[in-house]
Amino acid sequence: MVLKEEEKKAEETSEDQKGKGTLSRKNSHSSLCPTDDDDEDEDKKLELGPMIALKEQLEKDKDDESLRRWKEQLLGSVDMEDVGETPDPVVKIMYLTIRSPDREDMVLTVPEDGNPTSKGPWFTLKEGSKYTLVFTFRVTNNIVSGLRYSNSVWKTGLKVYSRKEMLGTFSPQAEPYTHVMFEESTPSGMLVRGSYSVKSKFVDDDNKCYLENNYTFDIRKNWL
């Protein structure tokens, strides 16, 4: 009888501790932006816990020293001026930099609506050249989890290239983040020269879209 009572107390204690000292979240109700593999990813989505504002997260269990240190280690350096009262994170893609050993860096300002106003190509790449894309972005208000980049390229109506890359999970801070993609090479030859159209997206684990970037670029014989 004593053993059963102790087991019952242990179960009650376990139930009381559930949800304490954890950083939790739920799927965002903000605008959803489907990616090319949404049907494939549908079965892979995790059921996430309820999401609360980061300021509330930081205040929760603040008197527990071990939990406070654990949260500081998990979150890193969080600028409280960039933390809001609402749960949704804010991600702003600021610049796209194109690095190539053949020329100086091209630094392009990313428009907020994702659509460059120029009627011509946003940039030009030289055929047969190596290049690296570098994105500069800011995160405010809350943690963004599983931020990832997808990119699809078309030429004369046919998809010729696509890629996806995980950027990671980021805490709010005043200083912008920089993510360097892996190095790539443009194809060469007369047939690959010309204009290409691009659709790229930045989405998180909740499939919330922070930017859909639509533009054109050229591959030419030489840099301009």
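For the structure, check the block above.
Presented here is a report on the structure given in the accompanying data block. Please read all numbers here as calculations on a predicted model, not as lab measurements. (Residues numbered from 1 in each chain as written. Predicted model: local features only at pLDDT ≥ 70, side-chain atom pairs only at ≥ 80, totals over all residues. Heavy atoms only, no water.)

1. Topic: the overall build of the protein chain
Per the secondary structure count, the protein chain includes four helices and 10 strands. The order of α-helices and β-strands along the protein chain, N terminus first, is α-α-α-α-β-β-β-β-β-β-β-β-β-β. Of all 224 residues assigned to the protein chain, the portion counted as buried reaches 40%. When contacts within the protein chain are restricted to residue pairs at least 6 apart in sequence, those whose partners lie at least 24 apart make up 74%. (Helix = DSSP H or I, 4+ residues; strand = E, 2+ residues; numbered from the N terminus. Buried < 20%, exposed > 50% of the residue type's maximum accessible area, 1.4 Å probe, protein only. Contact = heavy atoms within 4.5 Å.)

2. Some thoughts on the pattern of salt bridges
A complete count under the given rule lists six salt bridges for this structure. For Glu112, the salt bridge is made with Lys92, and the minimal N-O distance between the two is 3.4 Å. Note that Glu112 is positioned in the loop between strand 2 (103-109) and strand 3 (123-126) and Lys92 in strand 1 (residues 90-100), a separation of 20 residues in sequence. For Glu127, the salt bridge goes to Arg193, with nearest N and O atoms at 2.8 Å. Taken as a pair, Glu127 in the loop between strand 3 and strand 4 (130-140) and Arg193 in the loop between strand 8 (184-185) and strand 9 (194-203) lie far apart in primary sequence, 66 residues in all. Of the residues examined, Glu127 reaches a relative accessible area of 12% and is grouped as buried. Classification of Arg193 as partly exposed rests on a relative accessible area of 31%. Several salt bridges converge on common partners, so that one network encompasses Arg163, Glu165 and Glu184. (Salt bridge = Lys/Arg side-chain N within 4 Å of Asp/Glu carboxyl O.)

3. Description of the sheet that holds strand 5 (residues 144-155)
Ordered in space as 3-10-9-5-6, the five strands form an open sheet in which the pairing is mixed. One side of each edge strand has no neighbouring strand; the edge strands of this open sheet are strand 3 and strand 6 (158-170). Strand-to-strand twist of the sheet, defined as the mean angle between neighbouring strand axes without regard to direction, takes the value 25 degrees. Pairing analysis gives 10 bridges linking strand 5 to strand 6, with the strands arranged antiparallel. Note that in strand 6 the partner of Tyr149 across the bridge is Glu165. (Pairing = 2+ DSSP bridges. Axes fitted to C-alpha atoms, helices over the stretch in contact; angles between N-to-C directions.)

4. Some words on the nonpolar core
Counting 33 residues, the largest nonpolar core has Leu96, Ile98, Phe123, Phe137, Leu147 and Phe217 as its most contacted members. Mapped by element, the contributors of at least two residues to this core are strand 1, strand 2, strand 3, strand 4, strand 5, strand 6, strand 9 and strand 10 (209-220). Once residues lying within four places of it in the same chain are set aside, the contact partners of Phe123 are Leu96, Ile98, Met106, Leu108, Tyr215, Thr216, Phe217 and Asp218. (Core = buried A, V, L, I, M, F, W, Y, C linked by side-chain atoms within 4.5 Å.)

5. Section: the packing of aromatic side chains
Any pair of aromatic rings gets described here by the distance separating the centres and the angle formed by the planes. Enumeration over the complete set of coordinates arrives at 11 aromatic pairs. Relative to Phe123, the ring of Trp122 has its centre 6.1 Å away and its plane inclined at 45 degrees; by these criteria the two rings are tilted. With respect to burial, Trp122 and Phe123 carry one shared label: buried. Between the aromatic rings of Phe123 and Tyr215, the centroid separation amounts to 5.7 Å while the plane-to-plane angle is 50 degrees, which identifies the pairing as tilted. Highlighted residues: Phe123 in strand 3 and Tyr215 in strand 10, separated in sequence by 92 residues. Like Phe123, the residue Tyr215 is buried in the burial classification. (Phe/Tyr/Trp six-rings, centres within 6.5 Å; stacked < 30°, edge-to-face > 60°.)

6. Describing the side chain of Glu184
Mapped onto the elements, Glu184 comes out in strand 8. Among residues more than four places away in sequence, those in contact with Glu184 are Ser129, Lys130, Tyr131, Tyr161 and Arg163.

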